[in-house]
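Listed below, chain by chain, are the residues.
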Amino acid sequence: MPFIASNGLTEADTSKTIAAGGMTVHYHDVGSGQPVLFLHSYGPGTTAWITFYKAVGVLSQHFRCILMDMPNFSKTGPIVYQEGVHALQARTAVALLDALGIERAKWVGNSQGGQSAMVAAINHAERVEKFVMGGSHIGTGGDRYLMANRPSEGSRATRDAIDDPSRENIRRYLRVHIDDENLVTDELVDYIHHAYTWSPELMAARSKSVSVPHDYTPELAGIQAPVLLIHGRYDRMVAFEISIAILNHVADSRVVLLNNCGHWAPFEKPAEWTAHVLTFLRGY
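So, here's what we can say about the structure. All values reported here derive from a predicted model rather than from experimental measurement. (Residues numbered from 1 in each chain as written. Predicted model: local features only at pLDDT ≥ 70, side-chain atom pairs only at ≥ 80, totals over all residues. Heavy atoms only, no water.)

The strand order β1-β2-β4-β3-β5-β6-β7-β8 describes an open sheet built from eight strands, whose pairing is mixed. Here the strands that pair on one side only, and so sit at the sheet edges, are β1 (15-20) and β8 (253-258). Neighbour-to-neighbour, the strand axes of this sheet turn through a mean angle of 25 degrees, independent of strand direction. Sheet analysis places strand β3 (residues 35-39) next to strand β4 (residues 64-68), joined by five bridges and oriented parallel. Each residue of the ladder has a partner; that of Phe-38, found in β4, is Leu-67. The strands that helix α4 (residues 112-123) touches are β3, β5 (105-109) and β6 (128-133); relative to β6, the one it contacts most, it runs at about 155 degrees. In this fold helix α11 (residues 270-282) packs onto β3, β5, β6, β7 (227-232) and β8, with an angle of close to 170 degrees to the strand it touches most, β7. (Pairing = 2+ DSSP bridges. Helix = DSSP H or I, 4+ residues; strand = E, 2+ residues; numbered from the N terminus. Axes fitted to C-alpha atoms, helices over the stretch in contact; angles between N-to-C directions. Contact = heavy atoms within 4.5 Å.)

Printed below as a string of structure tokens:
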């Protein structure tokens, strides 16, 4: 059974592809109005749809919602790269906007998607009106935590699932990323497992690619776009202290900390997450 948005749309209903950034980019295009670009969470088998489908039904009533699958995720790619993955993701997102004829957009990301929105606000500032991020590191390759352990429990579980993408390892990594284990259903495990393993070409491209570390901390103070940070209190992938660190560097910023929530805030707390995002995107 497909994961269905509140407006009745499915992943297949909204699926589109376009040539952008030297690859085939897979995305979803829902609603009308001002464009909002959505960039999805990190982890084997994650997609734009599974990250945001619980929110897009409401948000598409107010905006044109463009949900992009990252390079080598879902049906985007394949591409072999040797550079910082978030710089690649931000550049690919800009290429998608170019292909769609969009000069400037609001950006919404979670996890790696939020980090790539942040990188876009640094490297492509004229394309970012405002952005949402959360569950995101500052540096490509991770950050040095003040209080939390590194590597995080989420990072270790994710690495195990990448090295051996069995359903058992996929289920374990999802139970670490998502605070409420009742949300980790057989249906979700099957979806994530299929999304990660369906294409030998994408799996080969991932195995050959190398993400080069880069610390964006010195560049945070130069961000001019307003940012909303939404983080789960019980995020075991990226400790919420990182959102507080970003708040400390970016002048026009605010943080929401969601209780009883892990790494997938749009999936775990969709009503609350959507309400905060909608208010921010529409303007205070």
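Below, the discussion takes up a nonpolar patch on the surface. Among the surface-exposed residues, Phe-240, Ile-244, Leu-247, Val-255 and Leu-257 lie close enough to one another that they form a single nonpolar patch of about 370 Å² accessible area. Elements with a contribution of two residues or more to the nonpolar patch: α9 (241-249) and β8. When its relative accessible area of 30% is taken as the criterion, Phe-240 is described as partly exposed. (Patch = residues over 30% accessible without salt bridge, like charges linked within 9 Å, V, L, I, M, F, W, Y side chains within 5 Å. Areas by Shrake-Rupley, 256 points an atom, 1.4 Å probe, with all protein chains shown as cover. Salt bridge = Lys/Arg side-chain N within 4 Å of Asp/Glu carboxyl O. Buried < 20%, exposed > 50% of the residue type's maximum accessible area, 1.4 Å probe, protein only.)

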